[in-house]
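Results of the structural survey
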Amino acid sequence: GQLSDLAYRLGLKSTILTSGDLLAGSNLHRIGAAHCYVRVSLNAATEPTRHQFHGNRVSLKEVLAAVEDLGVWLERERVSLPVGATFLLDPLNYSEVLDCAVAARDAGFSHYSVRRILGPPELRPEFSASQLEQIADLLDGVRALGDEQFRVFTPWRDLNEADLNPMDRGFVAARCW
């Protein structure tokens, strides 16, 4: 919390984008007092998937507990600060997107954003037709969780669609991803 505290004292806004691996050992109350926005990439609803997806043994339960602790502190201190969660869709974890959203909501996250992997086709996973059907149903469930206290954001374009490239001369978009 030292850097976010310094930024706050200097009149700067700060953000921590994290996988949550170090949250349990962080001074979250100091971070909250500095009005530092925190966004956690959860990407899983189970320990085995989290370990495989993130490549470490940090517990999802510890990450969620740390956010719960921060939320309790923010409420007690009457600090209005959103705490966000993201979920990066991949064939490894897509089946857990709804369960993860429920866990995020229950842990006190204020918003949950589902994203797809961007980049060249060789880096982006292709989803099968049956996976896309399952994902559509799961994302309907995620959207149904949304309310004033828990905002949800989900992809609205085809997950297998090629990325838009603003460097192309003919780039035109009415809405962003």
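Residues numbered from 1 in each chain as written. Predicted model: local features only at pLDDT ≥ 70, side-chain atom pairs only at ≥ 80, totals over all residues. Heavy atoms only, no water.

Quick look at the packing of helix H5 (residues 97-107) against helix H6 (residues 129-145) now. A pair of packed helices is characterised by two quantities: the angle between their axes and the separation of those axes. Where H5 meets H6, the closest approach of the two axes is 8 Å, and the angle between their N-to-C directions is 15°. By the angle between their axes, H5 is roughly parallel relative to H6. Viewed along their axes, H5 and H6 form a crossing whose handedness is right-handed. Between H5 and H6, the contacting residues are Val97, Leu98, Ala101, Val102 and Arg105 on the first element and Leu138, Leu139, Gly141, Val142 and Leu145 on the second. Residues belonging to the contact of H5 with H6 are distributed by class as follows: 8 nonpolar, 1 polar and 1 charged. (Axes fitted to C-alpha atoms, helices over the stretch in contact; angles between N-to-C directions. Helix = DSSP H or I, 4+ residues; strand = E, 2+ residues; numbered from the N terminus. Parallel < 35°, antiparallel > 145°, perpendicular 65-115°, else oblique. Left-handed = near helix turned anticlockwise from the far one by under 90°. Contact = heavy atoms within 4.5 Å. Nonpolar A, V, L, I, M, F, W, Y, C, P; charged D, E, K, R; others polar.)

What the rule picks out here adds up to 3 aromatic pairs. Relative to Tyr112, the ring of Phe87 lies with its centre 6.5 Å away and its plane at 45°, an arrangement referred to as tilted. One end of the pair, Phe87, is in strand E3 (residues 83-89); the other, Tyr112, is in strand E4 (residues 111-116), and 25 residues separate them in sequence. Owing to a relative accessible area of 0%, Phe87 belongs among the buried residues under this scheme. Accessibility expressed as a relative area gives 0% for Tyr112, which makes it buried. Taken together through their ring pairs, the aromatic side chains of Phe87, Tyr112 and Phe150 make up a single cluster. (Phe/Tyr/Trp six-rings, centres within 6.5 Å; stacked < 30°, edge-to-face > 60°. Buried < 20%, exposed > 50% of the residue type's maximum accessible area, 1.4 Å probe, protein only.)

Turning next to the pattern of salt bridges. Under the defined criterion, the tally for this structure stands at 7 salt bridges. Among the salt bridges present, the one from Arg50 reaches Asp21, with a minimum N-O distance of 2.8 Å. Note that Arg50 is positioned in helix H3 (residues 47-54) and Asp21 in the loop between strand E1 (15-18) and helix H2 (28-33), a separation of 29 residues in sequence. A residue is classified by how much of its surface remains accessible, and Asp21, at 25% relative accessible area, is partly exposed. Each of the salt bridges in this network shares a partner with another, and the network as a whole consists of Asp5, Arg9 and Arg30. (Salt bridge = Lys/Arg side-chain N within 4 Å of Asp/Glu carboxyl O.)

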